[in-house]
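The residues making up each chain are set out below.
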Amino acid sequence: MSRAPQDTVALVTGATDGLGRAIAERLAELGATVHVHGRSADKLAAVAREIVAATGNEEVHTHRADFASLAEVGALADEIAALPALHVLINNAGIGAGLPDSPDREESADGLELRFAVNYLASFVLTTRLLPLLERSAPSRIVMVASLGQASLDFDDPQLERSLYEGRRAYAQSKLAQISFANELAYRLPTDAGVTVNSLHPATFMPTKIVLAERGTSVDALDRGVDATVRLALDPTLDDVTGRFFDRETEARAEDQAYDPDARRRLWELSEALADSHG
């Protein structure tokens, strides 16, 4: 972006394990002020100590919130909104499809389908609440860590309450929702807002806790996903790129629903309604 990494303030959600932790360490290594989010205070404290020790960068700050609770997401948004600046928001927190492909529908603390709530709705709430700060801090960037595993949302049954539940489909719907939201937000933001919004599939089956628990083996190295995500966050050649989906470093096309203006509007309205009733 048009500022040096050492002048950048970033928030990485889901940063106590796997990709999020590695992204946070890379950003700290580059000199950024890094705010790391997780749901365990003990893990957050340990990760912060480890990153400081590994990078020598003491500007590593922790924030605890369980993304299965919209009230806790709102409290996190309030904490971050009080910062002087935020230049990069990396929405990475999420859960997988289940073990091995759970047939059991799970719910969040708010009674919402768990994968939709944690992987998508929490980032919708956090991002929209932080938009004023991101705009004041411009140029700034929002990065949605999504996946090539995508499925269209059924607006007649968005919480998969009546359909045959399958963890893999719930996960894939939540990931397409992230991409659709990114595309819609990029469309809604004024061209002079100075905020870009992009999503990506960072890499395939990296050796993260989720992947190893669900598959037992990995495909891409963790650094592959870190490189692709940090590129979207910082690369100055992407200063004016917004509303795009990337497969690693290559621009790609997501499922069709992510480009349907009516579907994107309906998702936004559904998300606002759920946030208002459960936040």
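Each remark here, short or long, concerns the structure printed above.
In what follows, the accompanying structure is described. Because the structure is a prediction, the values reported are computed rather than measured.

**Considering the environment of S108**
Tracing the backbone shows S108 in the loop between β4 (88–91) and α4 (114–136). Taking the C-alpha atoms as reference points, S108 and R64, separated by 44 residues in sequence, lie 17 Å from one another.

**Considerations on the sheet that holds strand β6 (residues 195–201)**
The strand order across the open sheet formed by eight strands is β3-β2-β1-β4-β5-β6-β7-β8, and the pairing between neighbours is mixed. Each edge of the sheet is formed by a strand with only one pairing partner; in this case those strands are β3 (60–64) and β8 (250–252). Mean inter-strand twist for the sheet, computed between neighbouring axes without regard to direction, equals 25°. In this structure, β4 lies alongside strand β5 (residues 140–145), joined through four bridges in parallel fashion.

**Examining the packing of helix α3 (residues 70–81) against α4**
A pair of packed helices is captured by two measures, namely the crossing angle of their axes and the spacing between those axes. Where α3 contacts α4, the axes come no closer than 9 Å and their chain directions differ by 15°. Between α3 and α4, the crossing angle belongs to the class labelled roughly parallel. As for how α3 packs across α4, the hand of that crossing is right-handed. Listed contacts from α4 to L70, V73, G74, L76, A77, D78, I80 and A81 of α3 are L121, A122, V125, L126, R129, L130, L133 and R136. Here the contact of α3 with α4 is built from residues that sort into 12 nonpolar, one polar and three charged.

**Description of the pairing of strand β7 (residues 244–247)**
Two faces make up the sheet, and in a regular strand the side chains alternate between them. Where β6 lies against β7, four bridges are found, and the strand directions are parallel. Opposite S199, over in β7, you have F245 as the bridge partner. Looking at chain direction, β7 and β8 are connected through three bridges and run antiparallel. If you follow D247 over to β8, its bridge partner there is T250. Taking the residues between adjacent antiparallel strands as the criterion, β7 and β8 are bridged by two residues, where R248 takes a positive phi near 60°.

**Focus on helix α2 (residues 41–55)**
Compared with the 21 Å implied by 1.5 Å per residue over 15 residues, the 21 Å span of α2 between its first and last C-alpha is a close match. Of the residues making up α2, those classed as buried are L44, V47, A48 and I51. Buried residues of α2 fall within an arc of 100° about the axis and therefore sit on the same side. In this structure, α2 carries D42, R49 and A53 as exposed residues pointing more than 90 degrees from its buried face. Among the structural elements, α1 (18–29), β2 (33–38) and β3 are those in contact with the buried residues of α2. Count one or two residues on from α2 and you reach G56, which has phi positive near 75°.

**Quick notes on the packing of aromatic side chains**
Tallying each qualifying case throughout the model produces six aromatic pairs. Considering the side-chain rings of F116 and Y120, the 5.2 Å spacing of their centres and the 55° angle between planes classify their relative orientation as tilted. Separated by four residues within a single helix, F116 and Y120 lie in helix α4, roughly one turn from each other. Neither F116 nor Y120 differs from the other in exposure class; each is buried. An aromatic cluster is defined as three or more aromatic residues linked by ring pairs; in this entry it consists of F116, Y120, F124, F181 and W268. Across the ring face of W268, the terminal group of R188 is positioned such that the distance to the ring centre comes to 4.0 Å. Its guanidinium or amino end placed over the ring of Y259, R253 lies 4.0 Å from that ring's centre, counting from NZ or CZ.

**A closer look at the pattern of salt bridges**
A complete count under the given rule lists 19 salt bridges for this structure. Of the charged contacts in the structure, one is a salt bridge between R21 and E50, with a shortest N-O distance of 2.9 Å. Within this pair, whereas R21 is found in helix α1, its partner E50 is found in helix α2, the two being separated by 29 residues in sequence. By relative accessible area, which is 19% here, R21 ends up buried. The exposure class assigned to E50 is partly exposed, which follows from its relative accessible area of 40%. When the shortest N-O distance is used, the salt bridge between R141 and D239 registers 2.6 Å. One end of the pair, R141, is in strand β5; the other, D239, is in the loop between α7 (222–234) and β7, and 98 residues separate them in sequence. Taking the relative accessible area as the measure of exposure, D239 reaches 29% and is therefore partly exposed. Shared partners join several salt bridges into a network, and the residues in it are R21, E25 and E50.

**Observations regarding the environment of L133**
Tracing the backbone through its elements, the reader meets L133 in helix α4. On the accessibility criterion, L133 (2% relative accessible area) is buried. Note: C-alpha distance between L133 and A24 (109 residues apart in sequence) is 20 Å. With residues up to four places along the chain from it excluded, the contact list for L133 reads I80, A81, L83, P84, A85 and L86.

Quick notes on the rules
Residues numbered from 1 in each chain as written. Predicted model: local features only at pLDDT ≥ 70, side-chain atom pairs only at ≥ 80, totals over all residues. Heavy atoms only, no water. Helix = DSSP H or I, 4+ residues; strand = E, 2+ residues; numbered from the N terminus. Pairing = 2+ DSSP bridges. Axes fitted to C-alpha atoms, helices over the stretch in contact; angles between N-to-C directions. Parallel < 35°, antiparallel > 145°, perpendicular 65-115°, else oblique. Left-handed = near helix turned anticlockwise from the far one by under 90°. Contact = heavy atoms within 4.5 Å. Nonpolar A, V, L, I, M, F, W, Y, C, P; charged D, E, K, R; others polar. Expected span 1.5 Å × (residues − 1). Buried < 20%, exposed > 50% of the residue type's maximum accessible area, 1.4 Å probe, protein only. Arc of directions from axis to C-beta. Phe/Tyr/Trp six-rings, centres within 6.5 Å; stacked < 30°, edge-to-face > 60°. Lys NZ or Arg CZ within 6 Å of the ring centre and 35° of its normal. Salt bridge = Lys/Arg side-chain N within 4 Å of Asp/Glu carboxyl O.

As far as function goes, none of this settles anything; it's purely spatial.
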